[in-house]
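# Structural overview
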Amino acid sequence: MSAELQARGIETRCQSIEQLAFGDADRLTAESDAVGIAYPVYGSDMPQLMKDFIGSLAPAKGKKAFVFCTQWLWSGDGARVGAQLLRERGFQVGWAEHFSMPNNVSVTVFSFMPYTNDPGRLARKLAKTAVKIKCFAERIAGGRPFRRGFNWAAKLAGSIQRLPYRRIFHRLRNDIGVDLSRCTNCGNCASLCPAGNLTWDGSEIKTHGSCILCLRCYSFCQEVAVTYLKKPHRLNRGKPYRGPVEDFHPRLLK
Ligand SMILES: Cc1cc2nc3c(=O)[nH]c(=O)nc-3n(C[C@H](O)[C@H](O)[C@H](O)COP(=O)(O)O)c2cc1C
């Protein structure tokens, strides 16, 4: 998205919310003509970290904003949820969109996982997403508002997915575990956890029920020892997703 906006003459700066010190976000917002927020869709809802982040922003007094979400398959109005929170902070949200990026989903607990183990279909899907990203950037650069997920059908579909998701979310927070027969007690998973869910006391990994389902521990465990819903990763479905470039590592975010 950043590259597509820059190709249209818009200077951009990308920032992980984890890198922001207190006050940085408000300073960057004040310095910019527009602000974009991006997050993965979670059950037509957004990750709690992102909700907390938007809630912490200073009132924006009509600053232009856009929102986009990554999704595995589908989201009713996942981008509208973020747009609504931004509006409550005073942003004027002109653009909202969903982008299918099923390459990022690596848990193998469901036997029905389209795209992830079918490189041909995956490449076609991502090629379509690339076109959609171009169109979205063009609309922003041209000042032509576009908001996906704002009609009544999308809102209804989103609510149908979101209401049960919100009800069961707290239960999902205990779903990460460790297969002790594979674990080498390196402590890598605990050091990567942004939610304090995993701790390592030097000899044992413990879980604390505060998981936000980012799946960094699952994807970056060298021994593939982290489990989801008590099931280990099935390597016959390929390795867990480890980022958009060969040497990507979430520590680089810090
Ligand atoms: C708890 C959870 C809920 C999710 N819900 C949805 C969903 O409702 N629809 C969908 O298409 N993808 C869903 N996904 C998939 C994410 O949106 C997907 O992981 C995202 O495309 C990956 O983006 P990222 O690499 O930026 O995290 C969900 C993922 C998680 C972990």
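So, here is what we can say about the structure in this document. Source: prediction; values computed, not measured.

To continue, consider the pairing of strand β2 (residues 64–71). A large share of β2 lies buried, amounting to six of its eight residues. Where strand β1 (residues 34–40) lies against β2, seven bridges are found, and the strand directions are parallel. Following the sheet pairing, Val35 is matched in β2 by Ala65. Regarding topology, helix α3 (residues 48–55) serves as the crossover connection from β1 to the parallel β2, and that connection is right-handed. Note that β2 and strand β3 (residues 92–100) share eight bridges and pair parallel. The residue bridging Ala65 from the neighbouring strand is Val93, located in β3. In the classification by handedness, the crossover that spans β2, the intervening helix α4 (residues 78–88) and the parallel β3 is right-handed.

A word on the site of the ligand. The environment of the ligand is made up of 15 residues, and the closest members are Val41, Leu73, Trp74, Asn104 and Gln161. Separating an oxygen atom of the ligand from a side-chain N or O atom of Thr70 is a distance of 2.9 Å. In the model, an oxygen atom of the ligand is placed 3.4 Å from a nitrogen or oxygen of the Gln71 main chain. For the ligand, whose unbound accessible area comes to 640 Å², protein coverage reaches 77%. Looking at the shell around the ligand residue by residue, the class counts come to nine nonpolar, six polar and no charged.

The subject of this paragraph is the sheet that holds strand β4 (residues 146–147). Pairing within the open sheet is parallel, and its four strands lie in the order β1-β2-β3-β4. Every interior strand has two partners, whereas the edge strands, β1 and β4, have only one. The sheet contact formed by β3 and β4 spans two bridges and is parallel. From the neighbouring strand, Ala96 faces β4, where its bridge partner is Arg147.

To continue, consider the packing of aromatic side chains. Any aromatic ring pair is given by two values, namely how distant the centres are and how the planes are angled relative to each other. Tallied over the full model, the rule gives seven aromatic pairs. Both rings, one in Phe66 and one in Phe68, keep their centres 6.4 Å apart while their planes meet at 5°; by these two values the pair is stacked. Overall, Phe66 belongs to the buried group, its relative accessible area being 10%. Geometrically, the ring pair formed by Phe99 and Phe136 is edge-to-face, given 5.8 Å between the ring centres and 80° between the ring planes. On the criterion of sequence distance, the pair formed by Phe99 in strand β3 and Phe136 in helix α5 (residues 119–141) is long-range, its members being 37 residues apart. Exposure remark for Phe136: the relative accessible area of 0% places this residue in the buried category.

Here we come to the nonpolar core. Of all hydrophobic cores here, the largest spans 24 residues; its most connected members are Ile37, Phe53, Leu86 and Phe91. When contributions to this core are tallied by element, the ones reaching two or more residues are α2 (24–31), β1, α3, β2, α4 and β3. At four residues, α4 tops the list of elements feeding residues into this core. Not counting residues within four places of it along the chain, the set of residues in contact with Phe91 comprises Thr29, Val35, Leu57, Ala60, Lys63, Ala65 and Leu86. Counting 22 residues, the second-largest nonpolar core is a separate cluster that includes Tyr42, Tyr165, Cys183 and Ile205.

The rules behind these values
- Residues numbered from 1 in each chain as written.
- Predicted model: local features only at pLDDT ≥ 70, side-chain atom pairs only at ≥ 80, totals over all residues.
- Heavy atoms only, no water.
- Buried < 20%, exposed > 50% of the residue type's maximum accessible area, 1.4 Å probe, protein only.
- Helix = DSSP H or I, 4+ residues; strand = E, 2+ residues; numbered from the N terminus.
- Pairing = 2+ DSSP bridges.
- Right-handed = clockwise from strand over helix to strand, strands pointing away.
- Near = heavy atom within 4 Å.
- Polar contact = N/O pair within 3.5 Å; in protein donor to acceptor, adjacent residues only side chain to side chain.
- Areas by Shrake-Rupley, 256 points an atom, 1.4 Å probe, with all protein chains shown as cover.
- Nonpolar A, V, L, I, M, F, W, Y, C, P; charged D, E, K, R; others polar.
- Phe/Tyr/Trp six-rings, centres within 6.5 Å; stacked < 30°, edge-to-face > 60°.
- Core = buried A, V, L, I, M, F, W, Y, C linked by side-chain atoms within 4.5 Å.
- Contact = heavy atoms within 4.5 Å.

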